[in-house]
Amino acid sequence: MAKHIKCGSLFTGLDTKAEKDQTVVIDKGMVTYAGPSAKAPKASPKDEVIDASKYFVMPGLSDVHTHLAYGNARCEEDIDIYAPVEFRALRGMFMAHRVLLAGYTNICNPGDAARVTLSIRNAINAGLFQGPRITTAGPYLTSRQGLTDWYPTWIGQPETSIGHLIRSRDEGIEEIRYQVKDGVDVIKFAMDGDTALQPNGVSKFSGLMAAFNQDELNYYTTESHRLGKKVITHARGLEATLYSAKAGVDCIFHASYGDDECLDEIVKRKLTICPTLTLLVNNYEFSQPTDGAGKGWSEHSKFEAETAFKFLAKAHKAGVPLLTGTDSGFAITPYGEWHAKELEIYVKYLGMSEGEALRLGTSVTAGFMTDGSRLGALAAGRHADVIIFDGNPLKDISQLMDKKRFKHILLAGEPISVETHDVDYRKVSQFSYDMWSDMYTQDRVKELGNQIRTIAAE
Ligand SMILES: [Zn+2]
């Protein structure tokens, strides 16, 4: 039995426009026809006809930067230490469904502990649970100057960390081969961090030091590619962005402080960038003075975002595919909430049309995933992941953040389960041994005055 969707307008994902009077035909989970209704194959009496003539029909969306194992964490310790990896997998499975409910049928997890997202991916692929299609990395490969080696040397990197510290080339090669054997889709490198700065007065913001040198990254990239895996890097600073571009990694995450030389290398090698601006913008738009990261963090995020907007707008003009990703999984970017904000930011700050942003958020980003050539578009031979949407995101892209507008989400041609229930976030995400948010000196206590809560008020 085939399904015929009569579309009010159809955005295939392959173009920047939508067309009226179109039909999508689905058979056995795949699209067999998408085009003018006048030319569509006739529905047989056994076929199901879905009347979406009042709606905007489009392919499922893609987020290439969603960490399913982070659990909407408030701090890195929450991510690395407090929840056992087994619990993270169960929680991540639940969160994956939340992402799907936001219309995101494809996600890539660029790094987490052990085999958490890999197991979620396998459970979904095996048909045990419903969830988005997942492409995943294993733990980030990092050095002592990179992201994920957060703790002092005398503590070291815990076994349950999202990163794996590699101390020599041999360890790097061994970790790549180990992860490939486990079945990862991509290899993730922490090419810089937040704290290792270049000496001699280089700007605090753009002067992040690369965690690996050029030779090391070339060497690891060659081996990952030889084993048939894509390479992605976390690279905010100029140096890490340039090394990533020269090494020919498949996608550079952030690239906030890239320059013309970086752009030339990226264009020459046909690489992609995942800017992940949502994390930065949410940091300065929403975070509060009581948040642990403090005022400096918001200011830093704003500075970085504004610097990145300029470079990324240039990259977009130069034809670099900007994959859409949000760093969902933190408390500032909870699952299922802000994925489409990245598209809004592309329109608002990178000078894109809604159609361009939506094409990036569908076929272009999906193209990066495993089996990508059959994802992210409504065209014959593609997986039938379909959104029937009440509105027109080509007029107002921010409509995609409104879940009420998603009338139906089909995964492989079947409606997804929309059943949800509330959970107790204290038991889901907040385990850290965090006791006070302030310093209770005599002066501070006086200042707080009647803001101090009393037992009776609890
Ligand atoms: Zn991330």
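None of these values were measured; they are calculated from a predicted model.

## Observations concerning the packing of helix α5 (residues 214-226) against helix α6 (residues 238-247)
Thinking step 1. Between α5 and α6, whose axes approach to 9 Å, the crossing angle comes to 40°. By the criterion of interaxial angle, the relationship of α5 to α6 is oblique. Here the hand of the crossing between α5 and α6 comes out right-handed. Across from Q214, L217, N218 and T221 in α5, the residues of α6 making contact are L242, Y243, S244, K246 and A247.
Thinking step 2. Class assignment for the residues of the contact of α5 with α6 results in 4 nonpolar, 4 polar and 1 charged.

## Digging into the domain arrangement of the protein chain
Thinking step 1. Split into domains, the protein chain comes out as domain 1 (1-60 + 376-430) and domain 2 (61-339).
Thinking step 2. The distance between the C-alpha centroids of domain 1 and domain 2 comes to 30 Å.
Thinking step 3. Of the residues lining the interface, 28 residues belong to domain 1; the matching set on domain 2 comes to 24 residues.
Thinking step 4. Taken together, the two surfaces of domain 1 and domain 2 that pack against each other cover about 2,000 Å², and 57% of this comes from carbon and sulfur.
Thinking step 5. When the buried surface of domain 1 facing domain 2 is broken down by residue, K403, L411 and S429 rank first, second and third, together holding 23% of it.
Thinking step 6. Between domain 1 and domain 2 we count 2 salt bridges in total.
Thinking step 7. Across the salt bridge formed by K403 and E337, the nearest N and O atoms sit 3.6 Å from each other.
Thinking step 8. Put simply, domain 1 and domain 2 have 7 residue pairs in polar contact (both at pLDDT 80 or more) between them.
Thinking step 9. Listed by contribution, the elements that provide at least two residues to the side of domain 1 that touches domain 2 are β4 (48-59), β15 (406-411) and α12 (425-428).

## Structural notes on helix α3 (residues 116-125)
Thinking step 1. Buried residues dominate α3, accounting for 7 of its 10 residues.
Thinking step 2. Here α3 has its buried residues at V116, T117, L118, I120, R121, A123 and I124.
Thinking step 3. Contacts from the buried residues of α3 go to α2 (85-101), β6 (104-109), β7 (133-136) and α4 (169-182).
Thinking step 4. Note on α3: the residue one or two positions beyond its end, G127, has a positive phi of about 85°.

## Some details on the sheet that holds β15
Thinking step 1. Taken together, 7 strands build an open sheet; the order of strands is β3-β2-β1-β4-β14-β15-β16 and the sheet is mixed. Looking along the sheet, the strands with just one partner apiece sit at the ends: β3 (30-36) and β16 (414-415).
Thinking step 2. Sheet topology places β15 next to β16; 2 bridges connect them, and they run antiparallel. Bridge assignment links L411 to a residue of β16, and that residue is E414.

## Examining unusual backbone geometry
In most cases, non-glycine residues show a negative phi, while peptide bonds are predominantly trans.
Thinking step 1. Of note, the phi angle at A255 is positive, near 55°, even though the residue is not glycine.
Thinking step 2. Position of A255 among the secondary structure elements: in the loop between β12 (251-254) and α7 (260-268).
Thinking step 3. Residues other than glycine seldom take positive phi values, yet T276 does so here, at roughly 55°.
Thinking step 4. Tracing the sequence through the fold places T276 in the loop between β13 (272-274) and α8 (277-286).
Thinking step 5. What makes T276 buried here is its relative accessible area of 0%.

## Some details on the pattern of salt bridges
Thinking step 1. Evaluation of the coordinates by the stated rule reveals 24 salt bridges.
Thinking step 2. The salt bridge involving D182 is made with R115; its shortest N-O contact spans 3.1 Å. Of this pair, D182 sits in helix α4 while R115 sits in the loop between β6 and α3; the two residues are 67 residues apart in sequence, bridging distant segments of the chain.
Thinking step 3. Among the salt bridges present, the one from R444 reaches E447, with a minimum N-O distance of 2.6 Å. Pair noted here: R444 and E447 are both in helix α13 (residues 442-448), with a separation of 3 residues, about one helical turn.
Thinking step 4. Residue classification places E447 among the exposed residues on the basis of a relative accessible area of 57%.
Thinking step 5. A single salt-bridge network, built from bridges that share partners, covers K3, E48 and E414.

## As for the coordination of the zinc ion
Thinking step 1. The coordination sphere of the zinc ion contains the protein donors H65 (NE2), H67 (NE2) and D327 (OD), at a distance range of 2.0 to 2.3 Å.
Thinking step 2. When the donors of the zinc ion are listed by position in the chain, the intervening gaps give H-x1-H-x259-D. Note that H65 is positioned in the loop between β5 (61-63) and α1 (76-82) and D327 in the loop between α9 (294-317) and α10 (341-349), a separation of 262 residues in sequence. Assigned by exposure class, H65 and D327 land together as buried.

## Examining the side chain of R88
Thinking step 1. Inspection of the secondary structure assignment puts R88 in helix α2.
Thinking step 2. Here R88 is buried and forms no salt bridge, its nearest opposite-charge partner D80 lying at an N-O distance of 5.3 Å.
Thinking step 3. Within the structure, R88 has its side chain in polar contact with the backbone oxygen of I79 (distance 3.0 Å).
Thinking step 4. Filtering out sequence-adjacent residues up to four positions away, R88 remains in contact with A69, I79, D80, I81, A83, A113, V116 and T160.

## Observations concerning the sheet that holds β5
Thinking step 1. The strand order β5-β6-β7 describes an open sheet built from 3 strands, whose pairing is parallel. Sheet topology places β5 and β7 at the edges, where each strand pairs with a single neighbour. Ignoring strand direction, the axes of neighbouring strands in this sheet form an average angle of 15°.
Thinking step 2. α3 contacts β6 and β7 of the sheet and is inclined by roughly 150° relative to β7.

## Examining α7
Because each turn of an α-helix spans 3.6 residues, side chains separated by three or four positions end up pointing in the same direction.
Thinking step 1. Those residues of α7 that fall on the buried side of the exposure criterion are C262, L263, E265 and I266. Along the long axis of α7, the arc covered by the buried residues comes to 165°, so they all point the same way. Counted as exposed and oriented over 90 degrees from the buried face of α7: D264 and K268.
Thinking step 2. In the core, the buried residues of α7 are packed alongside α6, β12, β13 and α9.
Thinking step 3. Where α7 begins, one side-chain oxygen reaches toward the backbone nitrogen of E261, 3.1 Å away; that side chain belongs to D259.

Cut-offs used in this document
Each chain carries its own residue numbering, running from 1 in the written order of its sequence. With the structure being a predicted model, the display of local features is reserved for residues of pLDDT at least 70 and the display and counting of side-chain atom pairs for 80 or more, all residues being used for whole-chain, interface and lining totals. To get the side-chain values, take all heavy atoms of the structure and skip hydrogens and water. Axis definition: a line fitted to C-alpha atoms, limited for helices to the stretch in contact. Angles are taken between N-to-C directions and run from 0 to 180 degrees. Only DSSP runs of H or I with at least four residues qualify as helices, and only runs of E with at least two residues qualify as strands; both kinds are numbered from the N terminus onward. Any angle from 65 to 115 degrees is called roughly perpendicular, while one under 35 is roughly parallel, one over 145 is roughly antiparallel, and all others are oblique. Crossing handedness is defined as follows: a turn of the near helix away from the far one that is anticlockwise and smaller than a right angle gives a left-handed crossing, while the clockwise case is right-handed. Residues count as neighbours in contact if any of their non-hydrogen atoms are within 4.5 Å of one another. Under this grouping Gly is polar, as are all residues other than the nonpolar Ala, Val, Leu, Ile, Met, Phe, Trp, Tyr, Cys and Pro and the charged Asp, Glu, Lys and Arg. An automatic or database domain assignment supplies the residue ranges for each domain. Put simply, buried area is how much 1.4 Å-probe accessible surface two parts lose in total, over both of them, once they are put together. By salt bridge we mean one thing: a side-chain nitrogen of Lys or Arg within 4 Å of a carboxyl oxygen of Asp or Glu. Definition of a polar contact: a pair of N or O atoms within 3.5 Å, with one able to donate and the other able to accept a hydrogen when the atoms are protein atoms, and with sequence-neighbouring residues admitted only if both atoms are side-chain atoms. Three exposure classes are used, based on accessible area relative to the maximum for each residue type with a 1.4 Å probe and protein chains only: buried under 20%, partly exposed in between, and exposed over 50%. Pairing between strands is defined by DSSP: at least two bridges between them are needed. Only nitrogen, oxygen and sulfur atoms within 2.8 Å of the metal, or 3.2 Å for Na, K and Ca, are treated as donors, and water is left out, so sites may look incomplete. Here Asp and Glu are counted as negative and Lys and Arg as positive; His is not counted, and neither are the chain ends. The directions considered for the arc run from the helix axis to the C-beta atoms.

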